[in-house]
Amino acid sequence: MTVDADELRGIVRGFLAANDPRGMDRLDFLRARFDAGLAWVHFPAGLGGLGAARELQPLVDAAFAEAGAPDNRPHLNSIGLGMAAPTILRFGNDEQRRRYLRPLWTGEEIWCQLFSEPGAGSDLASLATRAVRDEAGVGSEAEWVVDGQKVWTSLAHRARWAILVARSDPDQPKHQGLTYFICDMTAPGVEVRPLRQITGEAEFNEVFLTGVRIPDSQRLGEIGQGWQVALGTLMNERVAIGGRAPAREGGLIGIAAEAWREHPEKRTHGLHNRLLRLWVDAEATRLTSLRLRQQLAAGDPGPEGSAVKIAFAELNQAITGFELEFLGEPGLAYDDWTFHQPEFTDFAKRGPGFRYLRAKGNSIEGGTTEILRNIIAERVLGLPPESRTDKDRPWKELPR
Ligand SMILES: Cc1cc2nc3c(=O)[nH]c(=O)nc-3n(C[C@H](O)[C@H](O)[C@H](O)COP(=O)(O)OP(=O)(O)OC[C@H]3O[C@@H](n4cnc5c(N)ncnc54)[C@H](O)[C@@H]3O)c2cc1C
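Since we're looking at a predicted model, the values are computed, not measured.

Colleague: What is the right way to read the packing of aromatic side chains from this model?
Modeller: The description of an aromatic ring pair rests on the distance of the ring centres and on the angle between the ring planes. In total, this model carries 16 aromatic pairs according to the counting rule given. With a centroid separation of 5.8 Å and an interplanar angle of 70°, the aromatic rings of F15 and F64 are classed as edge-to-face. Of the two residues, F15 sits in helix α1 (residues 5–18) while F64 sits in helix α3 (residues 57–66), which places them 49 residues apart along the sequence. Here F15 matches F64 in class, with each residue buried. Between F347 and F354, the ring centres sit 6.4 Å apart and the planes meet at 70°, which makes this aromatic pair edge-to-face. Members of the aromatic cluster, joined through ring pairs, are F34, W40, F43 and W105. Above the ring of F64, the side-chain terminus of R33 is found at 4.0 Å from the ring centroid. The lysine or arginine in question, R160, covers the ring of W161, its NZ or CZ lying 4.3 Å from the ring centre.

Colleague: I'm lost on the environment of T285 in this one. Help?
Modeller: Looking at the secondary structure, you find T285 in helix α8 (residues 269–297). T285 sits in the buried class, given a relative accessible area of 15%. A sequence separation of 22 residues divides T285 from A307, and the C-alpha atoms of the two residues are 9.7 Å apart. Among residues more than four places away in sequence, those in contact with T285 are A311, F312 and L315.

Colleague: Help me understand the side chain of T233, please; the structure alone is not making it clear to me.
Modeller: Along the polypeptide, T233 turns up in helix α6 (residues 226–242). Only 2.8 Å separates the side chain of T233 from the side chain of Y180, close enough to count as a polar contact. Look past the residues within four positions of T233 in its chain and what remains in contact with it is M83, T87, F115, I163 and Y180.

Colleague: Help me understand the pairing of strand β3 (residues 141–150) in this model?
Modeller: Looking along a regular strand, one sees the side chains alternate between the two faces of the sheet. Looking at chain direction, strand β2 (residues 130–138) and β3 are connected through six bridges and run antiparallel. Across the sheet, residue R133 finds its bridge partner in β3, namely W144. Counting the residues that bridge the hairpin from β2 to β3 gives two residues, and of these G139 lies at a positive phi of roughly 60°. For β3 and strand β7 (residues 204–215), the ladder comprises seven bridges, and the chain directions are antiparallel. In the sheet register, G148 faces β7, and the bridge partner there is L209.

Colleague: Help me out: how do you make sense of the pattern of salt bridges in this one?
Modeller: Where charged atoms from two side chains of opposite charge approach closely, those side chains can pair. Under the counting rule described, the total for this entry stands at 33 salt bridges. The salt bridge involving R350 is made with E201; its shortest N-O contact spans 3.2 Å. Placement of the pair is R350 in the loop between α10 (329–332) and α11 (352–359) and E201 in the loop between β6 (190–195) and β7, with a sequence separation of 149 residues. Its relative accessible area of 3% is what places E201 among the buried residues. With its nearest N and O atoms 3.0 Å apart, the salt bridge here joins R261 to E249. Residue R261 is located in helix α7 (residues 251–262), and its partner E249 is located in the loop between α6 and α7; the two are separated by twelve residues in the primary sequence. Relative accessible area serves as the criterion here: at 53%, R261 is assigned to the exposed category.

Colleague: Could you clarify how one ought to interpret the environment of L101 in this entry?
Modeller: Position of L101 relative to the elements: it lies in helix α5 (residues 94–106). What makes L101 buried here is its relative accessible area of 0%. For L101 and L47, which are 54 residues apart along the polypeptide, the C-alpha to C-alpha distance reads 7.0 Å. Once residues lying within four places of it in the same chain are set aside, the contact partners of L101 are F34, W40, F43, L47, A85, I88 and Q96.

Colleague: Honestly, the site of the ligand in this entry has me stumped. Any pointers?
Modeller: The full set close to the ligand counts 19 residues, and S116, S122, W152, T368 and E370 are the nearest of them. The backbone of F115 places a nitrogen or oxygen atom 3.1 Å from an oxygen atom of the ligand. In this structure, N374 approaches the ligand through a side-chain N or O atom, which is 3.4 Å from a nitrogen atom. Considering every element that reaches the shell around the ligand, the biggest residue donor is helix α12 (residues 369–380), with three residues. Classifying every residue of the shell around the ligand by side-chain character gives six nonpolar, nine polar and four charged. Taken together, domain 2 (74–233) and domain 3 (244–381) each give at least three residues to the shell around the ligand, which thus spans both.

Rules of the game
Residues numbered from 1 in each chain as written. Predicted model: local features only at pLDDT ≥ 70, side-chain atom pairs only at ≥ 80, totals over all residues. Heavy atoms only, no water. Phe/Tyr/Trp six-rings, centres within 6.5 Å; stacked < 30°, edge-to-face > 60°. Helix = DSSP H or I, 4+ residues; strand = E, 2+ residues; numbered from the N terminus. Buried < 20%, exposed > 50% of the residue type's maximum accessible area, 1.4 Å probe, protein only. Lys NZ or Arg CZ within 6 Å of the ring centre and 35° of its normal. Contact = heavy atoms within 4.5 Å. Polar contact = N/O pair within 3.5 Å; in protein donor to acceptor, adjacent residues only side chain to side chain. Pairing = 2+ DSSP bridges. Salt bridge = Lys/Arg side-chain N within 4 Å of Asp/Glu carboxyl O. Near = heavy atom within 4 Å. Nonpolar A, V, L, I, M, F, W, Y, C, P; charged D, E, K, R; others polar. Domains from an automatic or database assignment.

Structure (structure tokens):
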């Protein structure tokens, strides 16, 4: 029997009566919340959930916020919560779910994503990082020895764990010889170097993996099934990036609208028209994200998430461009060019120049707009696929 909204309210009330957030250590409170199944209510019992409908989560979060309870600071662990957790839930075994999900949700362990490589971004399946199985391993457990280079790895400088895709069988065609692992970012052989972006700061890194030993118990899914597992992660990534639904006139359109209200002297008829059009587009995108969330509540994310991700990226770029143009010269003054590695990217707390430059990455991260259009063409509209001559040839024979 699944839990309904009234029962859930009762469970939250009971929990708060027994665990007063004002008198408890923050982490103890979060761990207790997880153990009570009130972390992500749609997860199974024992893994932070109650097997309830996913759409009941906002009700639970609101009740905790109203009681002044600390949250798990989701913005600091976006890859963990948005991508690693659903992948571990779906493809992990019981032991892995029990080991990783609790400290991931509480924010004690931050996650990053070791997918992209210098020679493999859009065509991720062509990646070259090698994983070689060592049967001798440690004790009775086999290990994998991983060598290669990853790039654009957001949060690698803060992460304890990574989701990693590596090539375990170069004799197989590119999609079939991949295996998916959980990589310990503190293991010997993992080297993280920051990459400075157009914004001046380094959200992401290049990561060198040299003889990194990964126990077989940290493999997610079967050997050679890495592509199927990675596809599950990527579907969740697109929803995580594009599927957040802010309040009406929230997010970037809210910032632009505020600037418009604050500066009547800068208004022109042309800019007014543009702002109204952007406002309507933002509202349409917001409502489409809400629909996507409902669809998500009914099952796994599908290729439709790609459309919202495209809309979100285009809109962010258009709004931040509008903001700069509206503000004129003061908008071009850059707020902070010092090199630093942020804990997370906050569009709202930075100046318009930062927002404009950072939004450029929105149409690249999580799959470029061109690639997402291909996915929509093929998997939503059923149009003829791109020609892929390398699909059935052994990976090691492909020109690189
Ligand atoms: C802010 C940011 C954060 C990121 N964080 C991470 C992370 O944490 N972990 C991670 O693994 N990766 C991360 N990435 C990397 C991101 O996933 C890749 O940049 C992206 O997949 C594109 O790959 P690429 O950069 O190699 O470009 P390429 O694949 O080389 O593409 C170059 C251009 O060619 C176009 N193109 C390529 N193939 C086709 C095609 N078949 N049809 C039409 N056009 C095509 C692309 O659209 C693009 O315009 C991040 C990127 C950004 C910008």
